[in-house]
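# Summary of the model geometry
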Amino acid sequence: MSENQRTLENLLIDEQKMNKEILHDLLENYIRIGKQSGDLIPQEGFRGLTAKNQTLIVLLSQRARFELDMVESEWMSPGEISSQSGINKNTVYPTVRELANEGLLDSEDGSYRVPSHGIDRVREFIEDGETDE
């Protein structure tokens, strides 16, 4: 067999490692996570984002906290998103519904998350419209 021969194994990736790298790169300019408390600590870049992008950053942060074993679930209710981010609850509710309708979020029993298969799409969404102009 030649080195250049194509095999199905060439298609395999470590998606958990890839997702962690994408999460880090996406979140580092916008948010920090309290080491002891696990609370989200918005950075200056977070404040200039649209409500949609802020909501996505919070949900990606929840996923990161889940990966770090800091929370039991990657799902968040609109109330939790509001309390962790400072985004007005009246803004969060329509925002998460809109993001779910756009296919960027999964929705279940009034809670939301960014699905694994959607992390790259969310990254593109955030990068395409970073600031609230």
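Residues numbered from 1 in each chain as written. Predicted model: local features only at pLDDT ≥ 70, side-chain atom pairs only at ≥ 80, totals over all residues. Heavy atoms only, no water.

Attention now moves to the packing of helix α3 (residues 51–67) against helix α6 (residues 119–128). One can describe the packing of α3 onto α6 by two numbers: an axis separation of 10 Å at closest approach and a directional angle of 145 degrees. Like other packed secondary-structure pairs, α3 and α6 cross with a definite hand, here left-handed. Contacts between α3 and α6 involve K52, N53, L56, I57, L60 and R63 on the former and, on the latter, I119, V122, F125 and I126. Residues that form the contact of α3 with α6 fall into these classes: seven nonpolar, one polar and two charged. (Axes fitted to C-alpha atoms, helices over the stretch in contact; angles between N-to-C directions. Helix = DSSP H or I, 4+ residues; strand = E, 2+ residues; numbered from the N terminus. Left-handed = near helix turned anticlockwise from the far one by under 90°. Contact = heavy atoms within 4.5 Å. Nonpolar A, V, L, I, M, F, W, Y, C, P; charged D, E, K, R; others polar.)

This part takes up the pattern of salt bridges. Per the counting criterion, the structure on display carries six salt bridges. Here E98 makes a salt bridge to K52, at a shortest N to O gap of 2.8 Å. Note that E98 is positioned in helix α5 (residues 89–101) and K52 in helix α3, a separation of 46 residues in sequence. For E98, a relative accessible area of 40% translates into the label partly exposed. One salt bridge in this structure joins R63 and E74, with 2.3 Å as the shortest N-O distance. Of this pair, R63 sits in helix α3 while E74 is found in the loop between α3 and α4 (78–85), placing the two residues 11 residues apart along the sequence. Residue R63 shares its accessibility class with E74, and that shared class is buried. (Salt bridge = Lys/Arg side-chain N within 4 Å of Asp/Glu carboxyl O. Buried < 20%, exposed > 50% of the residue type's maximum accessible area, 1.4 Å probe, protein only.)

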